[in-house]
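Here's the letter readout for the chains.
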Amino acid sequence: MVNKITVVGAGNVGATTAQRIAEKELARTVVMVDIADGIPQGKGLDQWESAPIEGFDSRVIGTNGYEETAGSDIVVITAGIARKPGMSRDDLLNTNAGIVKSVAEEVAKSSPNAIIVVVSNPLDVMCYVAMKASGFPRERVIGMAGVLDTARYRSFIAEALDVSVRDIQAMVLGGHGDTMVPLISYTSVSGIPILQLMSKAQLDPIVDRARNGGAEIVKYLKTGSAYYAPSSGAVQMVEAIVNDQKRILPCSAWLQGEYGMKDVYLGVPVKLGRRGMEGIIEIELTPDERAALEKSAQAVIEPMGVVKV
Ligand code: LAC
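Residues numbered from 1 in each chain as written. Predicted model: local features only at pLDDT ≥ 70, side-chain atom pairs only at ≥ 80, totals over all residues. Heavy atoms only, no water.

Colleague: How do you make sense of the pattern of salt bridges when you look at a structure like this?
Modeller: When charged atoms on two side chains of opposite charge get close, those side chains can pair. Counted by the stated rule, this structure contains 11 salt bridges. Here Arg209 makes a salt bridge to Glu216, at a shortest N to O gap of 3.1 Å. The network of salt bridges with shared partners includes Asp244, Lys246, Arg275 and Glu278. (Salt bridge = Lys/Arg side-chain N within 4 Å of Asp/Glu carboxyl O.)

This is how it looks when you write it as structure tokens:
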């Protein structure tokens, strides 16, 4: 357990993230910040009142300012507007860049040693905005997308094979968008390569569904985007950091030569521990996968070039 974790944004993703962090007792204090008057206070109090029933001692509080967040060990940024049906994640670019920039500046002032986990969309570009605006090193600004995309992919495979989700190992790399790269060669069921258990023709629609997993939820919800699985993804990263687990998870990281790319945030296998992003694992890719990853990087580099930081 760390002393304090702040979640910025008390919308669906933020509030669910705060609740999961409290229920897992990952911090003594969980602070939820949002500009909406009363929302973080009300949701925080409601969550804290669930503590005696759920049996956790993490104190949850909600606030509109950054004083209470001071000295946070980890800050999860979920602030921003969510997608509506028909919108791509990139449609959120300028609005959310402004929000994430001001949040990251506040975080740098009030919690200069924090590790930032970015969840706001378009994810990879928002990581860049958060890193620039905070001035933090890349080890302390990491994006949550691959864990979510991989979870979707794993859940669909488990369903198709009628096996436990626990036994599906997989890795989805690249940007958090339509160009994400599910790695079939690294997908296995308890170590058994996936193509021994299903045909490529069976797997292809699953890959496609994972790629469009966010849009599928937006289409159902109509007024917002997914939050149960996204918050689970963020909290898995937070847990790996808090407990220094050295987990290897697909996260968006600032590449400095890894995979032959430089100065771009992209989903790659990352080692997560108490120091944040403790390493990037470079795995072998087929020529097709490498080409897909490079294409995915282009889809991040373009909006990165126009975003104002
Ligand atoms: C999703 C959105 C949150 O993938 O990016 O559901």
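Colleague: What should I look at first to understand the domain arrangement of the protein chain in this one?
Modeller: The extent of an interface is frequently quoted as the accessible surface area lost upon association of the parts. Taken domain by domain, the protein chain comprises domain 1 (2-143) and domain 2 (146-306). Domain 1 and domain 2 are separated by 22 Å when their C-alpha centres are compared. Listed by partner, the interface residues are 36 residues for domain 1 and 45 residues for domain 2. Carbon and sulfur atoms make up 67% of the surface buried where domain 1 meets domain 2, a total of about 3,400 Å² over both sides. For domain 1, the biggest contributors to the area lost against domain 2 are Arg89, Asp124 and Arg138; these three give 20% of the whole. On the surface where domain 1 and domain 2 come into contact, there are 3 salt bridges. Residue Glu239 pairs with Lys24 through a salt bridge whose shortest N-O separation is 3.6 Å. (Domains from an automatic or database assignment. Contact = heavy atoms within 4.5 Å. Buried area = accessible area lost by both parts, 1.4 Å probe.)

Colleague: How do you make sense of the packing of aromatic side chains when you look at a structure like this?
Modeller: Taken as a whole and judged by the stated rule, the model has 3 aromatic pairs. Judged by centre distance (5.7 Å) and plane angle (20°), the ring pair of Tyr128 and Trp254 falls under stacked. Within this pair, whereas Tyr128 is found in helix 5 (residues 123-134), its partner Trp254 is found in strand 12 (residues 247-256), the two being separated by 126 residues in sequence. Trp254 gets classed as buried once you look at its relative accessible area, which sits at 10%. A connected cluster of aromatic rings, assembled from ring pairs, spans Tyr128, Trp254 and Tyr265. Its guanidinium or amino end placed over the ring of Phe136, Arg140 lies 4.3 Å from that ring's centre, counting from NZ or CZ. The ring of Phe156 is capped by Arg209, whose NZ or CZ atom sits 4.1 Å from the centre of that ring. (Phe/Tyr/Trp six-rings, centres within 6.5 Å; stacked < 30°, edge-to-face > 60°. Helix = DSSP H or I, 4+ residues; strand = E, 2+ residues; numbered from the N terminus. Buried < 20%, exposed > 50% of the residue type's maximum accessible area, 1.4 Å probe, protein only. Lys NZ or Arg CZ within 6 Å of the ring centre and 35° of its normal.)

Colleague: Whenever I open this one, helix 8 (residues 213-221) confuses me. Can you help?
Modeller: The α-helix advances 3.6 residues per turn, and as a result positions three or four apart in sequence lie on the same side. Among all positions in helix 8, only Gly213, Gly214 and Val218 are buried. Viewed along the axis of helix 8, the buried residues span an arc of 135°, placing them on a single side of the element. Structural note: helix 8 exposes Lys219 and Tyr220 on the side pointing more than 90 degrees away from its buried face. Looking one or two residues past helix 8, Lys222 carries a phi angle of roughly 65°, positive in sign. (Arc of directions from axis to C-beta.)

Colleague: I would appreciate a short explanation of the nonpolar core in the present structure.
Modeller: Nonpolar side chains in soluble globular proteins generally cluster together in the buried interior. Within the largest apolar cluster, 86 residues are counted, with the highest numbers of intra-cluster contacts made by Ile5, Met237 and Leu272. In terms of residue count, the dominant contributor to this core is helix 5 (9 residues). A domain split of this core shows at least three residues from each of domain 1 (2-143) and domain 2 (146-306). With residues up to four places along the chain from it excluded, the contact list for Ile5 reads Ile21, Leu26, Ala27, Thr29, Val30, Val31, Ile74, Val238 and Val242. (Core = buried A, V, L, I, M, F, W, Y, C linked by side-chain atoms within 4.5 Å.)

Colleague: Please explain a negative patch on the surface as it appears in this structure.
Modeller: A grouping of Asp90, Asp91, Asp178 and Glu302 is seen on the molecular surface, where their side chains present a negatively charged patch. Topologically, Asp90 is positioned in the loop between strand 4 (74-77) and helix 4 (93-110). (Patch = residues over 30% accessible without salt bridge, like charges linked within 9 Å, V, L, I, M, F, W, Y side chains within 5 Å. Areas by Shrake-Rupley, 256 points an atom, 1.4 Å probe, with all protein chains shown as cover. Lys, Arg positive; Asp, Glu negative; His and termini not counted. Charge placed at Lys NZ, Arg CZ, Asp CG, Glu CD.)

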